[in-house]
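# Reading the structure
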Amino acid sequence: MSEQRTAWGWGLASIDAAERTLDVWYPELTLGPAPAQRPNHGFGDLMHDGPDLRGVRRVPVFTVSDLDAPIADAADAYLRLHLLSMRLAKPNTLNLDGIFGKLTNVVWTNYGPFAVEDFAMRKIAVESANMQDGLPGISTPVEVRAIDKIPRMLDYVVPTGVRIADANRVRLGAYLSEGTTVMHAGFVNFNAGTLGVSMVEGRISQGVVVGDGSDIGGGASIMGTLSGGGKLRNSIGEHSLLGANAGIGISLGDHCVVEAGLYVTAGTKVEIVDKEKLNAGEDLDVVKASELSGKDNILFIRNSITGAIQARHRKVGIELNSDLHKN
């Protein structure tokens, strides 16, 4: 019988007027069984018993999560998302089934989370109070950043050794290894990310992991479990390149390249070039791309004369600029 995997920690929850949990922030988490005696949460003045002008109370919650069991509630869901962004658990190692059913839609703002239903009146109250406390006629407006169930990562977890050009493009629950750079148009979903030094200028969808030394080009995308991929877990190996505006619905192994603008799905018909080197078999001239999924040393390219998509042998992979990724 396998040992139960657990994690625990104190969090600070935002509770709305309907007693729904809008979010939970965990400053730190610990893997393993929870102690018999709870440590002090240490939140001090960050808590308040009554609701503020947003209609939100901030209260401490002690959460213990069985990481293989179904998600119990919103506090449990936030704990698992924090584990991923804190690099305490890698993508696809936690039970995240049904996570959206445990979370509520939230208006995310520069003042923190608001409930959706009474947002307009709460916004007026916050801005009016600011005007009274500050200079006449001057207030800091409530800026709406998103309406979503999962917030941006950097408001909760700031990982070391990474660069993120736009905080809005990385969701809580993303796993970013040291040396990762996410450029302005890059995007990393929850339960997805990088396993080493990487350049991310395209989209890493839910469930997708990218290996060390690989580059996701501008506008490129990887089909994940929330974007039509079902339960298939696509990935990219080490020192591979997904060219600008390219896309894949299969996995890439190590030292692979998909040329710019080429989208390769599982059912794409691919001409085999260099059969021996690709280990594709002498009798195969055309295969579905799914048969090449996860294999190493492949260049996927469209023949500019015939229009056929081809798989060619590629001896070595790409090398990222080491100075650029010293974060």
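Residues numbered from 1 in each chain as written. Predicted model: local features only at pLDDT ≥ 70, side-chain atom pairs only at ≥ 80, totals over all residues. Heavy atoms only, no water.

### Quick word on the UniProt feature "active site" (unreviewed entry) in the protein chain
In the UniProt entry, the feature "active site" (unreviewed entry) is given for Glu 201. For Glu 201, the location among the structural elements is in the loop between strand S13 (198–200) and strand S14 (203–204). Sequence-distant contacts of Glu 201, that is, excluding residues within four places in its chain, are made with Met 183, Ala 185, Gly 186, Asp 215, Ile 216, Gly 217, Gly 218 and Gly 219. (UniProt positions renumbered as here; feature names shortened; annotations may be inferred. Helix = DSSP H or I, 4+ residues; strand = E, 2+ residues; numbered from the N terminus. Contact = heavy atoms within 4.5 Å.)

### Let's talk about the environment of Ala 246
Assignment of secondary structure puts Ala 246 in the loop between strand S19 (241–242) and strand S20 (247–248). On the accessibility criterion, Ala 246 (1% relative accessible area) is buried. Once the C-alpha coordinates of Ala 246 and Lys 123 are considered, the two residues, 123 residues apart in sequence, prove to be 42 Å apart. Look past the residues within four positions of Ala 246 in its chain and what remains in contact with it is Gly 219, Ala 220, Ser 221, Val 258, Glu 259, Gly 261 and Leu 262. (Buried < 20%, exposed > 50% of the residue type's maximum accessible area, 1.4 Å probe, protein only.)

### A short note on the pattern of salt bridges
Inspection of the entire model under this criterion finds twelve salt bridges. The closest approach of N and O atoms between Asp 155 and Arg 145, which form a salt bridge, is 3.9 Å. With Asp 155 in the loop between strand S7 (144–148) and strand S8 (163–164) and Arg 145 in strand S7, this residue pair connects regions lying ten residues apart in the sequence. The closest approach of N and O atoms between Asp 148 and Arg 171, which form a salt bridge, is 2.8 Å. Taken as a pair, Asp 148 in strand S7 and Arg 171 in the loop between S8 and strand S9 (174–175) lie far apart in primary sequence, 23 residues in all. Using a relative accessible area of 14% as the deciding quantity, one classes Arg 171 as buried. One connected set of salt bridges, linked through shared partners, spans Asp 16, Arg 20 and Glu 117. (Salt bridge = Lys/Arg side-chain N within 4 Å of Asp/Glu carboxyl O.)

### Description of the nonpolar core
Soluble globular proteins tend to pack their nonpolar side chains together in the buried interior. The biggest cluster of nonpolar side chains holds 66 residues, and the ones touching the most others in it are Ile 204, Ile 222, Leu 242, Val 258 and Phe 300. In terms of residues, this core owes the most to one element, helix H1 (residues 74–85), which gives eight residues. Residues lining this core come from more than one domain, with at least three contributed by each of domain 1 (1–151) and domain 2 (153–324). Ignoring sequence-local partners within four residues, the contact set of Val 258 consists of Leu 241, Leu 242, Gly 243, Ala 246, Ile 248, Leu 252, Val 264 and Phe 300. (Core = buried A, V, L, I, M, F, W, Y, C linked by side-chain atoms within 4.5 Å. Domains from an automatic or database assignment.)

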